[in-house]
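Overview (structure and organization)
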Amino acid sequence: MTPQIKALSVHLLTATGAVFAMLAMLAAVDEKWSLMFLWLVVAFGVDGIDGPLARKYNVKQHAPQFDGVLLDMIIDYLTYVFIPAFALFKSGIFEGWTGWFVIIVITFASAMYFADTRMKTKDYSFSGFPGCWNMVAIVVFALQPNFWIILALVTVLAVAMFIPFKFVHPVRTQRWRTVTLPMALAWTFFAGWAAWVNFDSQSWAHWGLIVTSVYLLFAGVAQQALYGKDG
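Residues numbered from 1 in each chain as written. Predicted model: local features only at pLDDT ≥ 70, side-chain atom pairs only at ≥ 80, totals over all residues. Heavy atoms only, no water.

A short note on the packing of aromatic side chains
On inspection of all chains with the given rule, the structure shows 20 aromatic pairs. Note on Phe37 and Phe141: the rings are 5.0 Å apart at their centroids and 70° apart in plane angle, and the pair reads as edge-to-face. Of the two residues, Phe37 is situated in helix α2 (residues 33–56) and Phe141 in helix α6 (residues 133–143); the sequence distance between them amounts to 104 residues. Residue classification places Phe37 among the buried positions, given a relative accessible area of 1%. When the centroid spacing of 5.9 Å and the interplanar angle of 75° are considered together, the rings of Phe129 and Phe167 count as edge-to-face. Here Phe129, found in the loop between β1 (126–127) and α6, pairs with Phe167, found in strand β2 (residues 166–167); they are 38 residues apart in sequence, far enough to count as distant. The exposure class of Phe129 is buried, given its relative accessible area of 5%. Every member of this aromatic cluster is reached through a ring pair, and the members are Trp33, Phe37, Phe141 and Phe199. It is Arg172 that lies over the ring of Tyr124; its NZ or CZ is 3.9 Å from the centre. (Phe/Tyr/Trp six-rings, centres within 6.5 Å; stacked < 30°, edge-to-face > 60°. Helix = DSSP H or I, 4+ residues; strand = E, 2+ residues; numbered from the N terminus. Buried < 20%, exposed > 50% of the residue type's maximum accessible area, 1.4 Å probe, protein only. Lys NZ or Arg CZ within 6 Å of the ring centre and 35° of its normal.)

Structure below.
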């Protein structure tokens with residue numbers, strides 16, 4: 001297989017995320033939330049492996065006719081932002097104006113964040129909360145907290161997108177990667193498990209989601225506190 005075909009295959013793999021996004025959206029329209037999140041977890045898995053493959057096969061050199069970064073960003077906006085926001089809005093979790101507030105804040109703030117040229121730090125972490133609303137939404141569906149708590153969480157995270165707090169990239173941030181990558185893989189497993197059992201409140205998947213989510217949310221802030229902004 002030539003380097004060009006290998007590189008093109010990576011772009012095609014990334015593009016499958018759009019298909020999984022559509023399948024998730026169709027499930028969301030029918031309010032089949034567990035199925036929707038299962039498709040989003042699949043898309044999350046693809047997003048986790050296509051980046052390393054793109055660097056391994058040097059897609060910029062061998063398949064430059066396609067912009068892999070742009071392709072990835074389009075799909076990420078669908079799977080990380082648009083569909084989870086729709087699910088939160090249509091799920092009936094919120095009352096009155098709060099649902100409108102959440103869907104507007106998530107989609108608007110994320111659009112600005114995804115276009116922000118300062119979103120990556122020198123160690124390939126994210127500067128500001130990286131708009132992973134799919135992760136937030138699945139935890140919300142699993143734990144079912146009071147909608148005021150969700151409203152406060154969404155507000156804080158939306159503001160945190162534009163504050164230079166560090167959030168680790170599970171693959172590219174080298175510091176603590178031996179812990180961070182397994183945590184990200186564990187989060188993916190627990191998210192899929194929680195969706196598979198239809199967010200059964202007795203499932204151990206919920207505890208796994210809590211532990212892994214807390215680590216992924218605060219690991220970068222801890223690094224920043226211990227080693228400085230660029231550490």
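Structure shown, so let's carry the discussion forward.
Some points on the packing of α2 against helix α4 (residues 68–90)
Following both chains from N to C, one finds α2 and α4 inclined at 160°, their axes separated by 11 Å at the closest point. Considered as vectors, α2 and α4 are oriented roughly antiparallel to each other. Handedness of the crossing formed by α2 with α4: left-handed. Packed against α2, whose contacting residues are Trp33, Met36, Leu40, Ala43, Phe44, Asp47 and Asp50, the element α4 presents Asp72, Asp76, Thr79, Tyr80, Ile83, Pro84, Ala87 and Lys90 at the interface. The class makeup of the residues in the contact of α2 with α4 is nine nonpolar, one polar and five charged. (Axes fitted to C-alpha atoms, helices over the stretch in contact; angles between N-to-C directions. Parallel < 35°, antiparallel > 145°, perpendicular 65-115°, else oblique. Left-handed = near helix turned anticlockwise from the far one by under 90°. Contact = heavy atoms within 4.5 Å. Nonpolar A, V, L, I, M, F, W, Y, C, P; charged D, E, K, R; others polar.)

Observations regarding a nonpolar patch on the surface
A surface patch of nonpolar side chains, about 600 Å² in accessible area, is lined by Trp100, Ile104, Phe108, Met112 and Phe162. When you line up the elements, Phe162 lands in the loop between α7 (147–160) and β2. (Patch = residues over 30% accessible without salt bridge, like charges linked within 9 Å, V, L, I, M, F, W, Y side chains within 5 Å. Areas by Shrake-Rupley, 256 points an atom, 1.4 Å probe, with all protein chains shown as cover. Salt bridge = Lys/Arg side-chain N within 4 Å of Asp/Glu carboxyl O.)

Looking at the nonpolar core
Of all hydrophobic cores here, the largest spans 62 residues; its most connected members are Met36, Phe37, Leu88, Phe129, Trp133 and Trp187. Secondary-structure elements contributing two or more residues to this core are α1 (3–29), α2, α4, α5 (97–114), α6, α7, α8 (177–196) and α9 (205–227). In terms of residue count, the dominant contributor to this core is α6 (nine residues). If sequence neighbours within four positions are ignored, Trp133 has contacts with Tyr80, Val81, Pro84, Ile106, Ser110, Val154, Leu157, Ala158 and Met161. Core analysis: the next-biggest nonpolar cluster, separate from the first, contains five residues, Ala7, Ala54, Val59 and Ala63 among them. (Core = buried A, V, L, I, M, F, W, Y, C linked by side-chain atoms within 4.5 Å.)

So, the environment of Phe114
By secondary structure assignment, the location of Phe114 is in helix α5. Along the backbone, Phe114 and Ile74 are 40 residues apart, and their C-alpha atoms lie at a distance of 9.4 Å. Among residues more than four places away in sequence, those in contact with Phe114 are Met73, Asp76, Tyr77, Val81, Met119 and Pro130.

Points about empty space enclosed by the protein
Overall, the coordinates contain three cavities of 30 Å³ or more when judged by the stated rule. Taken together, Thr14, Gly17, Ala43, Val46, Asp47, Asp50, Asp72, Ile75, Asp76 and Thr79 form the lining of the largest cavity. Going through the elements one at a time, α1, α2 and α4 are the ones with two or more residues in the lining of the largest cavity. The class makeup of the residues in the lining of the largest cavity is three nonpolar, three polar and four charged. Quantified by volume, the second largest cavity comes out at close to 40 Å³. Along the walls of the second largest cavity sit Phe37, Leu40, Val41, Phe44, Asn134, Ile138 and Trp187, which together make up its complete lining. The set of elements that each furnish at least two residues to the lining of the second largest cavity consists of α2 and α6. (1 Å grid on protein atoms, 1.4 Å probe; cavity = no way out; pocket = protein on both sides within 12 Å on 5 of 7 lines; lining within 4 Å. Points joined across faces, edges and corners; volume = space filled by probe spheres on them.)

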